[in-house]
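# Descriptive structure summary
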Amino acid sequence: MSLQLVGALLILASFVLAQTGRLAFGSARYLWLNFIGSSLLAIDAVAEEQWGFALLEGAWGLYSLLGLVDWARGRPMSGSEPA
């Protein structure tokens, strides 16, 4: 399975799980799935010199990483599960 497919599946899985109530938006699991998925997509985009997609996925990954830092500091994002 390609890097792109794995990354996309991780992001889509987190979204579907959150939409169906199986995972809280802003929870550590949600953020990890998004961070890993977007990082894989950003790496692939840079390798393929797709700069717009690299920017989009890089920003998505950075936002997820900042959410994980906040979660680790005991300040989970709004809508997340209790720490």
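The structure presented is a predicted model; accordingly, all values stated were derived computationally and were not measured.

Of regular secondary structure, the chain possesses three helices and zero strands. Secondary structure elements of the chain occur, N-terminal to C-terminal, as α-α-α. Burial analysis of the chain (83 residues in total) assigns 30% to the buried set. A fraction of 55% describes how many contacts in the chain between residues 6 or more apart in sequence connect residues 24 or more apart.

Okay, the nonpolar core next. If you look at the biggest cluster of nonpolar residues, it comprises five residues: Ala18, Leu23, Tyr30, Leu31 and Leu68. With residues up to four places along the chain from it excluded, the contact list for Ala18 reads Leu23, Phe25 and Tyr30.

The next point concerns the packing of helix H1 (residues 3–19) against helix H2 (residues 28–47). Put simply, H1 and H2 touch, their axes get as near as 8 Å, and they point 155° apart. It follows from the interaxial angle that H1 and H2 lie roughly antiparallel. Between H1 and H2 the crossing geometry is left-handed. For the pair H1 and H2, contact is made by Leu3, Gln4, Val6, Gly7, Ala8, Leu10, Ile11, Ser14, Phe15 and Ala18 and by Tyr30, Leu33, Asn34, Ile36, Gly37, Ser38, Leu40, Leu41, Ile43 and Asp44, respectively.

End to end, H1 covers 24 Å across 17 residues, agreeing with the expected 24 Å (1.5 Å per residue, within 8%). Looking at the packing, one finds that the buried side of H1 touches H2 and helix H3 (51–72).

Between H2 and H3, whose axes approach to 8 Å, the crossing angle comes to 155°. Taken as axis vectors, H2 and H3 run roughly antiparallel relative to one another. When the axes of H2 and H3 are compared, the crossing they make is left-handed. Counting all contacts with H2, which are made through Ala28, Leu31, Trp32, Asn34, Phe35, Ser38, Leu41, Ala42, Ala45 and Val46, the residues of H3 involved are Trp51, Phe53, Ala54, Glu57, Gly58, Trp60, Gly61, Ser64, Leu65, Gly67, Leu68 and Trp71. In terms of residue class, the contact of H2 with H3 is built from 15 nonpolar, six polar and one charged.

Here we come to the packing of aromatic side chains. For the structure on display, the rule yields three aromatic pairs. Arranged with centres 6.4 Å apart and planes meeting at 65°, the rings of Phe15 and Phe25 form a pair that is edge-to-face. Placement of Phe15 in helix H1 and of Phe25 in the loop between H1 and H2 is noted, with a sequence separation of 10 residues between them. Connected via pairs of aromatic rings, a cluster forms that spans Phe15, Phe25 and Tyr30.

The rules behind these values
- Residues numbered from 1 in each chain as written.
- Predicted model: local features only at pLDDT ≥ 70, side-chain atom pairs only at ≥ 80, totals over all residues.
- Heavy atoms only, no water.
- Helix = DSSP H or I, 4+ residues; strand = E, 2+ residues; numbered from the N terminus.
- Buried < 20%, exposed > 50% of the residue type's maximum accessible area, 1.4 Å probe, protein only.
- Contact = heavy atoms within 4.5 Å.
- Core = buried A, V, L, I, M, F, W, Y, C linked by side-chain atoms within 4.5 Å.
- Axes fitted to C-alpha atoms, helices over the stretch in contact; angles between N-to-C directions.
- Parallel < 35°, antiparallel > 145°, perpendicular 65-115°, else oblique.
- Left-handed = near helix turned anticlockwise from the far one by under 90°.
- Expected span 1.5 Å × (residues − 1).
- Nonpolar A, V, L, I, M, F, W, Y, C, P; charged D, E, K, R; others polar.
- Phe/Tyr/Trp six-rings, centres within 6.5 Å; stacked < 30°, edge-to-face > 60°.

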